[in-house]
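Coordinate inspection notes
These are the residues of each chain, in order.
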Amino acid sequence: MPAVSKGDGMRGLAVFISDIRNCKSKEAEVKRINKELANIRSKFKGDKALDGYSKKKYVCKLLFIFLLGHDIDFGHMEAVNLLSSNKYTEKQIGYLFISVLVNSNSDLIRLINNGLKNDLNSRNPTFMNLALHCIANVGSREMAEAFASQIPSILVAGDTMDSVKQSAALCLLRLNRTCPDLVPMGEWTARVVHLLNDQHLGVVTSATSLITTLAQKSPEDFKTSIALAVARLSRIVTSASIDLQDYTYYFVAAPWLSVKLLRLLQCYTPPEDAALRSRLTECLETILNKAQEPPKSKKVQHSNAKNAVLFEAIALIIHYDSEPTLLVRACNQLGQFLQHRETNLRYLALESMCTLASSEFSHEAVKTHIDTVINALKTERDVSVRQRAVDLLYAMCDRSNSKQIVAEMLSYLENADYSIREEIVLKVAILAEKYAVDYTWYVDTILNLIRMAGDYVSEEVWYRVIQIVINRDDVQGYAAKTVFEALQAPACHENLVKVGGYILGEFGNLIAGDSRSSPLVQFDLLHSKFHLCSVPTRALLLSAYIKFINLFPEVKATIQEVLRSDSQLRNADVELQQRAIEYLRLSCIASTDILATVLEEMPPFPERESSILAKLKRKKGPGNVPDIDDARWNVNGNGNAEQSENAEGTNKFSPSLMADLLPTNRPRPASSSPTMLSAGTMGSAHPFTDLLNLNSSPSAGASLLVDVLSDSSTPASADVSEENFSRFVCKNNGVIFENQLLQIGLKSEYRQNLGRMYVFFGNKTSTQFLSFSSSVTSSDTLKTQLNVHTKPVDPTVEGGAQLQQILNIECLSDFTDAPVLDIQFRYGGALQNIAVKLPVMLNKFFQPTEMASQDFFQRWKQLGVPQQEVQTIFKAKHPMDTDVTNAKILGFGVALLDGVDPSPANFVGAGVIHTKNTQVGCLLRLEPNTQALMYRLTLRTSRESVSQRLCDLLSDQF
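As a starting point, this report considers the structure included with it. (Residues numbered from 1 in each chain as written. Predicted model: local features only at pLDDT ≥ 70, side-chain atom pairs only at ≥ 80, totals over all residues. Heavy atoms only, no water.)

Digging into the sheet that holds strand β4 (residues 733-738)
Basically, it comes down to this: Any two strands are treated as partners once DSSP identifies two or more bridges connecting them. Secondary structure elements follow DSSP: runs of H or I no shorter than four residues count as helices, runs of E no shorter than two count as strands, and numbering proceeds from the N terminus. A fitted line through C-alpha atoms represents every axis, and for helices the fit uses only the stretch in contact; the resulting angles, taken between N-to-C directions, go from 0 to 180 degrees.
The sheet built from five strands is open, its strands ordered β4-β5-β6-β9-β8 with antiparallel pairing. Unpaired on one side and paired on the other, β4 and β8 (786-790) mark the two borders of the sheet. Adjacent strand axes in the sheet meet at a mean angle of 25° when their direction is disregarded. The sheet contact formed by strand β5 (residues 742-751) and strand β6 (residues 754-763) spans ten bridges and is antiparallel. From the neighbouring strand, I744 faces β6, where its bridge partner is F761.

Structure, rendered in structure tokens:
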């Protein structure tokens, strides 16, 4: 920067600022400012031409007055005139005034653009920097249109100085954020990637920020940056601090650049080149190792810089989700931070571990920290940290620890902050449903929720418990007994009265044999709560009373007396009045048979996604609910694939009105008796919709696979993406496809010959996708081997939102091909076609089989026919790590048999492929040769085609 001469001190400005500071009142300040504005206005309008110094001084005064909060309506032209000065200080003040006071709609934009163009063409680095800074600060569309094509050429020009390259990269980044459609992609994109090799680390840092943003927009154009980013990162993390002395911050080498490079790598999948992947793994291991070293300084800046790099490295490890060793190490490192004295570190550790808990490789490692997380929930002072602890407990929960976690969350709920109580209630309800083996525990848990936090129990929660009780015969009696006992408390929350009214109205007969819960006692208990409840709850109780008349004829007279009372027949609320009149007439004129038909027990509910989970997703926002695994429950509350049917693909919520106990507002299932009373006869004065999602018929068949009518239109052909197909051979969840518009994630589960795949479509843009459709196509041969059934999806995907589709899969016989997912939608008026090969492979239908050594070799000999054995010898594509190999073989689907093979270095597995027509036993043996970096894989099955297909799939993984 040029030296400032002695005469540039602007004494007049200093005196004016001093006068303003010495003002004793607001009035005195305004008076002094008005006097100065009048003086400046007269100077600008005077006949005498002002020199550059005077213009600069007066423009500075206007800028200072504006910063004090006063409007400035003149002086803009004088500021623009300063741009043509050859003095740095005058030009600088002109640009400063324009950056602060000139808006994008100003009439002066063309004049300003001319000044900017002159400075950019001057080749004076100081003036070029000032112009680039001004363009970035204003960032208007007019400036983008004028300079978006010129700035890239400045950035990649060989004779451009380093400081100008930095400014050009950041200026282009700003324009890309404000007007992405005006930044052209051209031949400069390939050249800008090579700035990652620049000797000047400031240029590299700026270029990395730019490339990261552009790579999110056009990943393929910047794919070559992966190798350069890894190479630069490797040089940084392995260098001594003295090597990067100018960019070492408190003994941490180039922390900002390291973080940016790690973020850039998160735009892509793991490198396919083995050498490059190995080098990146070494970098990540080095960063994790450095985190274990004793600190080189006690200052907080050192630990902040060091931890910033560490957390970004862990984020990259989580993003790749392919290196079990690194994932476990990352989890252990985060575990150390859980008890750190720094609150921010504890928060970040909990947040990162939430993501790690969803990885199949690190879930078990995360679970080892459960006691520490529970302790944090109880002792943390900061509510945001406690909330992250709740999130982590939710994410790490599985069948082995569900009761402990639910109990701890219930215990915390009584003292939890009001701001997070509803979220905790939702999570407890979801976990209790998902992992309920004994449904009496589930009922007890939900009733405890209502008792402890009734005000925060949303309608979705109590709707859900009723759905599950109605769908499970084994829990109905217990539920009736439990709610009856709960209602005997002197003070009951209204939500408990709703649940009690519904369940006793349906299943009160199951406990009526006990004199302590006779029909009259049940009715009196419910009616004692009637006058304390709101109108919707009273309406539900009236429906329960008419159900009682059908269940218990002996209380008919008592209930009719209640319905005849003036408080009901002349009720001010038209809904209650109409119900009372209609129910009374129904009980008087209908025969016993008609009553039994109209008031029969509710049939099972149709299957669909948990409305509680849908509410949690809506509350937390897209992508913030731990892993898509949560979407797999059905209305039966069971997470097993073989017990769940088609679920709704989009999160739809019922209207917030009270459910009607009478099933007259919906079609009946085929197995039910016909309804004798029309919906019109029982119609309410206002639409009391069935909130338990009854306005659709349940599936007519009991099979897992239901024929669903899909859109018959065939989308235009697109190249089938197979890029990530092989990554799913040994894993069931992850991202299968991603471009600048759409991300497609998968979560799959299989049991015997049946499978279910959850497909998640994420809109990465801020614009709606219209006419969205998704269908599965298979070859003619594959259709005879594999059944795939889908449901139509919502045709609109909001910007930043996520859409879910469920595929039900049935394996009929062994197969080699894979189905294709065809997606079609309109974005910005253009039709987009995407085809993705779905990772449905034969090994997904494995059931692992444990075998003793003697049984294994006996079966091995039985499969000795040459056609039954396939063997291949191949070179290792990845580092030969025992733990990784174990994980991959288990992920392949077979049981890993320890102590069977005479050589402890070998891997032996056994399993059975289940198809609808037959079962195929499989034995495998993998022999690694670490010296030659080779493997020998031998597979024996009872069917030749199966042996060959499994061999092809598995050999590609090592």
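Having seen the structure, we can now continue with the description.
Some thoughts on the packing of aromatic side chains
Here is the rule we go by: By convention, a stacked pair of Phe, Tyr or Trp rings (six-membered ring in the case of Trp) has centres within 6.5 Å and planes under 30 degrees apart, an edge-to-face pair has planes over 60 apart, and any other such pair is tilted. Partly exposed describes any residue whose relative accessible area lies between the buried limit of under 20% and the exposed limit of over 50%, with all areas from a 1.4 Å probe on protein chains only and scaled to the type maximum.
This structure, assessed with the given rule, holds 23 aromatic pairs. For the pair F769 and F825, a centre-to-centre distance of 4.3 Å together with 25° between the ring planes defines the contact as stacked. Remark: F825 occurs in strand β10 (residues 820-827) and F769 occurs in the loop between β6 and β7 (770-777); sequence separation between them is 56 residues. Accessibility expressed as a relative area gives 0% for F769, which makes it buried. When its relative accessible area of 0% is taken as the criterion, F825 is described as buried. Ring centres of F874 and Y935 lie 5.5 Å apart, and the angle between their planes is 25°; on these two criteria the pair is classed as stacked. Here Y935 lies in strand β17 (residues 934-941) and F874 lies in strand β13 (residues 869-875), a separation of 61 residues in the sequence. We note that F874, like Y935, is buried.

Some words on the pattern of salt bridges
Inclusion rule: One side-chain nitrogen of Lys or Arg within 4 Å of one carboxyl oxygen of Asp or Glu is enough to make a salt bridge.
Per the stated rule, a full pass over the model turns up 35 salt bridges. We note a salt bridge from K61 to E36, for which the minimum N-O separation is 2.9 Å. Here K61 is found in helix α3 (residues 52-67), whereas its partner E36 is found in helix α2 (residues 26-45), with 25 residues between them in sequence. Taken as a pair, K61 and E36 share a single burial class, namely buried. Where D391 meets K427, a salt bridge forms, and the shortest distance between an N and an O atom there is 2.1 Å. One end of the pair, D391, is in helix α21 (residues 383-396); the other, K427, is in helix α23 (residues 418-434), and 36 residues separate them in sequence. Across the pair, K427 and D391 agree in class, each one buried.

Brief notes about empty space enclosed by the protein
If you roll a probe as big as a water molecule over the atoms, it shows you where there is empty space left. The line we're drawing: Think of a 1 Å grid over the protein atoms and nothing else: a 1.4 Å probe that fits but is trapped marks a cavity, an open set flanked by protein within 12 Å on at least five of seven lines marks a pocket, and residues with an atom within 4 Å of a point count as lining. Grid points are joined across faces, edges and corners, and a volume is the space filled by probe spheres set on the points.
In the structure shown here, the tally under the stated rule is four cavities of 30 Å³ or more. Computed from the structure, the largest cavity encloses a volume of approximately 60 Å³. Around the largest cavity, the lining residues are P270, P271, R277, L280, T281, L284, Y320, S322, E323 and L326.

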